[in-house]
Amino acid sequence: MNARVLHASRWILIAVAVVVSLFPFVWMVRTSLAPAADVASGRFWLSSFDFGNFARAWTKADLGQSVATGIIVTLSIVLLQLVTCVPAAYVLAKVPFRGRNVALGVVLGCLLVPTQVTLIPLFIGVNLAGLADSLPGLVVPFMTSAFGIFLLRQQMMSIPDGLLEAARTDGLGHFQTLRRVVVPMAGPGIAAFSVFSVFTHWNDYMWPLLIARSPSTITPPLALAIFQQGDTGFDYPALAAGAVIVTAPVVILFLVAQRRFVQGMSGAEIPG
Amino acid sequence: MTATETELSAPPRAAAPSLGEPPVRTVRRRNRGRSPLVPILFLLPAGLCITVFVVAPAVLSLIGSFFSIPLAGGSWGFVGFANFSRVLTDPTVQQAIGNTVFYSVITIIPSLVIGLGLALLAESVTRGRALIRTALFLPLTANLVAMAVVFDYIFAFQGGVVNQLLGIVGVGSVNWLGDTSTSLVTVALVGVWRAASFAMMIFFAGFATVPGTINEAARAEGIRGFAKLTRLTLPIMKPTVVFASVVTILGSVQVFDTINVMTEGGPQGSSETILTETWKLGFSYYDLGSASALSFLLLVVLVGIGLLQRRVLAGSAR
């Protein structure tokens with residue numbers, strides 16, 4: 001009897017948690033399909049579906065252009081971060097040299113410095129470099145990631161030294177060792193970090209808000225925010241449709257990569 | 001094969017502590033076919049980027065907080081602590097600091113408690129666990145601007161679903177985002193919705209680090225439920241708990257996106273926070289010196305939290 005009550009209450013709690021967790025997503029999709037009349041009359045269940053909301057959001061918020069910009073910017077950042085972070089993480093994890101602890105300390109210290117604190121000097125610097133309102137201006141400040149170096153180093157630490165020794169005996173240089181041994185073995189961590197980085201930079205709002213001005217540099221979240229603050233008034237269905245368009249890519253990516261992402265991120269704990 | 005591997009891996013490890021003056025033989029062997037320049041080349045891109053885009057700006061931010069900075073370029077004027085005293089005596093900034101503290105207090109504890117509870121719940125069921133986990137992780141991926149737009153509608157004064165539901169139970173409509181007494185709490189609800197999901201993921205990953213033998217021993221000793229959680233699981237997962245706390249605290253102190261979209265700090269500054277205020281100082285009033293000072297004060301708080309975390313963890317190691 002007691003066990004059954006416990007069992008039932010557990011499932012009720014889970015149900016409540018899932019509903020609260022999913023409700024905003026459900027409501028977003030529901031509203032994105034709502035005919036204007038239903039929203040105006042405050043109807044709970046929709047009388048019909050209106051896909052025109054998506055067309056309105058797409059054209060009025062200029063989402064086609066901004067989605068293209070978002071894809072270019074996000075992929076450029078992720079690629080550059082992998083190019084800079086993977087070799088650095090390898091050296092910090094597996095190649096002893098003088099000053100390695102200092103280098104590691106700098107990386108850990110940078111984890112504590114949020115973008116926001118560096119925002120003003122970065123803004124001035126990007127302006128002086130003539131990169132304001134340009135695609136490079138959106139990408140360049142994020143070319144490397146202290147978090148990425150840290151996460152990948154944690155993963156590479158677990159590669160057995162013997163394996164690297166064997167690679168060296170076979171005459172592989174650092175570069176070949178990295179390419180043929182380290183990268184394949186650190187695959188889950190690299191995948192997890194890439195997904196994390198896509199989330200972060202696709203969703204980033206603050207930096208584009210600061211430097212993007214013209215249609216060709218505006219990223220999807222910024223386009224949505226401008227659409228909301230513009231003269232659209234209370235066109236909730238179109239806003240919700242825009243929100244769906246901005247949200248869908250990351251949610252789909254998460255659903256596909258979920259297992260690897262969660263496993264790969266578990267190494268992210270800062271060691272004591 | 002295995003023996004060779006162990007033999008080969010031994011010398012460099014043994015030689016590592018005496019790097020200052022290593023035996024010649026070891027050096028030759030370590031560098032066979034490998035340039036010592038390569039590690040430097042591997043570190044260089046990341047090192048340069050970190051120096052230019054993180055370290056230098058952070059230092060400049062500190063220096064800049066002692067100057068008045070013209071936005072258009074030109075020379076900086078040294079003003080001593082004037083920026084600091086200006087921001088700290090400005091009633092708007094004081095309100096923003098107070099709001100940030102209030103927002104943090106009402107989001108941090110609920111997010112951690114709910115996150116831990118959700119992780120325990122999801123862990124305790126066998127049927128449909130993957131599905132439940134996915135559903136509970138989803139807020140973590142959400143684009144905050146898109147979600148802010150959605151929550152803006154959910155909490156809308158007229159036609160918002162929350163007020164409609166309240167109407168059914170006979171409670172009058174609340175102007176959630178438009179009233180000075182509720183605006184910050186409403187944005188904080190969105191913060192908890194998201195942060196709890198993040199905390200849950202961290203706790204969930206942390207459970208995997210608890211050795212299975214511990215669970216068996218606890219079962220044999222008859223330690224279950226709340227006692228097991230507080231006396232066994234959480235102490236073992238201390239690094240996870242500290243990490244989850246730090247992530248949640250940092251996220252709360254730096255809240256920006258949701259506020260900027262849902263309330264723009266209003267009404268009457270009632271939901272202004274340190275970051276939105278820094279933003280206004282710097283990029284609406286072009287007072288970059290004061291904005292630097294405020295952002296530097298924020299950095300001091302964040303580094304303090306980081307150091308505290310290391311202390312707590314170092315304490316647990318002993």
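Because the structure is predicted, anything quoted here is derived from the model rather than measured. (Residues numbered from 1 in each chain as written. Chains lettered and ligands numbered in written order. Predicted model: local features only at pLDDT ≥ 70, side-chain atom pairs only at ≥ 80, totals over all residues. Heavy atoms only, no water.)

On a plain count of helices and strands, chain A comes out with 14 helices and 0 strands. Helices and strands appear in chain A in the N-to-C order α-α-α-α-α-α-α-α-α-α-α-α-α-α. With respect to the three principal axes, the spread of C-alpha positions in chain A is 75 × 70 × 30 Å. Taking all 272 residues of chain A together, the buried fraction comes to 54%. (Helix = DSSP H or I, 4+ residues; strand = E, 2+ residues; numbered from the N terminus. Buried < 20%, exposed > 50% of the residue type's maximum accessible area, 1.4 Å probe, protein only.)

Bring the parts together and some accessible area is lost; that lost area is often taken as the interface size. Contact with chain A, which involves 93 residues of that partner, is made by 84 residues of chain B. For the pair chain A and chain B, the summed buried surface comes to about 8,200 Å²; carbon and sulfur atoms form 75% of the total. Joining chain A to chain B, the criterion identifies 0 salt bridges. Counting across the interface, chain A meets chain B through 10 residue pairs in polar contact (both at pLDDT 80 or more). (Contact = heavy atoms within 4.5 Å. Buried area = accessible area lost by both parts, 1.4 Å probe. Salt bridge = Lys/Arg side-chain N within 4 Å of Asp/Glu carboxyl O. Polar contact = N/O pair within 3.5 Å; in protein donor to acceptor, adjacent residues only side chain to side chain.)

On average, residues of chain A score 87 in pLDDT, and 95% of them reach the 70 mark or higher. Contacts for the low-pLDDT stretch residues 268-272 of chain A, under 50 throughout, to residues beyond four places or in other chains number 19 contacts. (pLDDT = per-residue confidence, 0-100.)

Counting across every chain of the model gives 20 aromatic pairs over all chains. When the centroid spacing of 6.3 Å and the interplanar angle of 75° are considered together, the rings of Phe254 of chain A and Phe137 of chain B count as edge-to-face. You can see Phe254 of chain A sitting in helix H14 (residues 236-265) and its partner Phe137 of chain B sitting in helix H6 (residues 129-141), one on each of two chains. This pair shows no difference in class: Phe254 of chain A is buried, exactly as Phe137 of chain B is. Within the aromatic cluster, the residues linked to one another by ring pairs are Phe25 of chain A together with Phe151, Phe155, Trp176 and Trp193 of chain B. Of note, Arg30 of chain A hangs over the ring of Trp27 of chain A, and the distance from its end group to the ring centre comes to 4.2 Å. (Phe/Tyr/Trp six-rings, centres within 6.5 Å; stacked < 30°, edge-to-face > 60°. Lys NZ or Arg CZ within 6 Å of the ring centre and 35° of its normal.)

Bringing the environment of Met157 of chain A into the picture now. All names here are of chain A. Here Met157 lies in helix H8 (residues 146-157). Met157 sits in the partly exposed class, given a relative accessible area of 39%. On a C-alpha basis, the gap between Met157 and Leu253 in space is 27 Å, while along the polypeptide they are 96 residues apart. Filtering out sequence-adjacent residues up to four positions away, Met157 remains in contact with Ala93 and Lys94.

A word on the environment of Ala188 of chain B. Residue and element names in this part refer to chain B. By the element assignment, Ala188 lies in helix H9 (residues 183-207). As a C-alpha pair, Ala188 and Ala244 span 56 residues in sequence and 18 Å in three-dimensional space. If we ignore the near neighbours within four places in the chain, the residues touching Ala188 are Tyr103, Ile106 and Thr107.

Of all hydrophobic cores here, the largest spans 172 residues; its most connected members are Met156 and Trp207 of chain A. In this view, Met156 of chain A contacts Val86, Ala89, Tyr90, Ala93, Lys94, Val182 and Ala186 of chain A; residues no more than four positions away in its chain are not counted. (Core = buried A, V, L, I, M, F, W, Y, C linked by side-chain atoms within 4.5 Å.)

Residue and element names in this part refer to chain B. Per the UniProt entry, the sites bearing "transmembrane region" (unreviewed entry) are residues 37-60, 100-122, 134-154, 184-211, 232-256 and 288-308 in this numbering. The distance separating the terminal C-alpha atoms of residues 37-60 is 31 Å; by composition the span is 100% helix and 0% strand. The straight-line gap between the two end C-alpha atoms of residues 184-211 is 42 Å; of that span, 86% is helix and 0% is strand. (UniProt positions renumbered as here; feature names shortened; annotations may be inferred.)

Time to look at the UniProt feature "domain: ABC transmembrane type-1" (unreviewed entry) in chain B. UniProt tags residues 97-309 of chain B as "domain: ABC transmembrane type-1" (unreviewed entry). Helix makes up 76% of residues 97-309 of chain B and strand 0%. Its end C-alpha atoms lie 22 Å apart.

Between the first and last C-alpha of helix H1 (residues 2-32) of chain A there are 44 Å, a value that for 31 residues agrees with the 45 Å anticipated at 1.5 Å per step. Within H1 of chain A, the axis deviates most sharply at Leu22 of chain A, by approximately 45°, and proline Pro24 of chain A lies no more than four positions further along. (Expected span 1.5 Å × (residues − 1). Bend = angle between axes of the 7 residues up to and from the residue.)

In the contact formed by helix H6 (residues 115-128) of chain A and helix H3 (residues 37-64) of chain B, the axes pass within 8 Å of each other and the chain directions differ by 90°. Between H6 of chain A and H3 of chain B, the angle falls in the class roughly perpendicular. Judged by residue contacts, Val117, Thr118, Pro121 and Leu122 of chain A of H6 of chain A engage Phe53, Val54, Pro57, Ala58, Leu60 and Ser61 of chain B from H3 of chain B. Taken together, the residues of the contact of H6 of chain A with H3 of chain B break down into 8 nonpolar, 2 polar and no charged. (Axes fitted to C-alpha atoms, helices over the stretch in contact; angles between N-to-C directions. Parallel < 35°, antiparallel > 145°, perpendicular 65-115°, else oblique. Nonpolar A, V, L, I, M, F, W, Y, C, P; charged D, E, K, R; others polar.)

Another point: the packing of helix H10 (residues 174-185) of chain A against H3 of chain B. Contact geometry of H10 of chain A with H3 of chain B gives a least axis separation of 9 Å together with a crossing angle of 55°. One element, H10 of chain A, and the other, H3 of chain B, form an angle in the oblique class. Touching His174, Phe175 and Leu178 of chain A of H10 of chain A are Val38, Pro39 and Phe42 of chain B, all from H3 of chain B. Among the residues forming the contact of H10 of chain A with H3 of chain B, the class breakdown is 5 nonpolar, 1 polar and no charged.

To continue, consider the environment of Trp27 of chain A. Examined against the element boundaries, Trp27 of chain A turns out to sit in helix H1. For the pair Trp27 of chain A and Pro141 of chain A, spaced 114 residues apart in sequence, the C-alpha separation works out to 36 Å. Residues contacting Trp27 of chain A, with those up to four places away along its chain left out, are Phe44 of chain A together with Tyr153, Ile154 and Val161 of chain B.

With that settled, consider the pattern of salt bridges. All names here are of chain B. Evaluation of the coordinates by the stated rule reveals 6 salt bridges over all chains. In this structure, Glu123 engages Arg129 in a salt bridge whose closest nitrogen and oxygen atoms are separated by 4.0 Å. What makes Glu123 partly exposed here is its relative accessible area of 32%. Between Lys280 and Glu272 there is a salt bridge, and its shortest N-O distance comes to 2.9 Å.

For the structure shown, the criterion picks out 0 disulfides over all chains. Summary of cysteine pairing: Cys85 of chain A is not part of a disulfide, and the nearest cysteine sulfur, belonging to Cys49 of chain B, is at 8.7 Å. Cys85 of chain A gets classed as buried once you look at its relative accessible area, which sits at 0%. With no disulfide of its own, Cys110 of chain A lies 11 Å from the sulfur of Cys49 of chain B, the closest cysteine sulfur. (Disulfide = S-S within 2.5 Å.)

With that out of the way, let us pick up unusual backbone geometry. Unlike most non-glycine residues, Asp62 of chain A shows phi in positive territory, near 55°. The topology assignment puts Asp62 of chain A in the loop between helix H3 (52-60) and helix H4 (63-94). Under the relative-accessibility criterion, Asp62 of chain A is labelled partly exposed at 36%. The phi dihedral of Tyr286 of chain B falls on the positive side, at around 55°, and the residue is not glycine.

The next point concerns H6 of chain B. Residue and element names in this part refer to chain B. Compared with an ideal rise of 1.5 Å per residue, which puts 13 residues at 18 Å, H6 spans 19 Å between its outermost C-alpha atoms and is within 8% of the ideal. Maximum bend of H6: about 25°, positioned at Ala135, with proline Pro139 one to four residues after it. Where burial is concerned, most of H6 is hidden: 10 out of the 13 residues are buried. Every buried residue of H6 is accounted for by Ile132, Arg133, Thr134, Ala135, Leu136, Phe137, Leu138, Pro139, Leu140 and Thr141.

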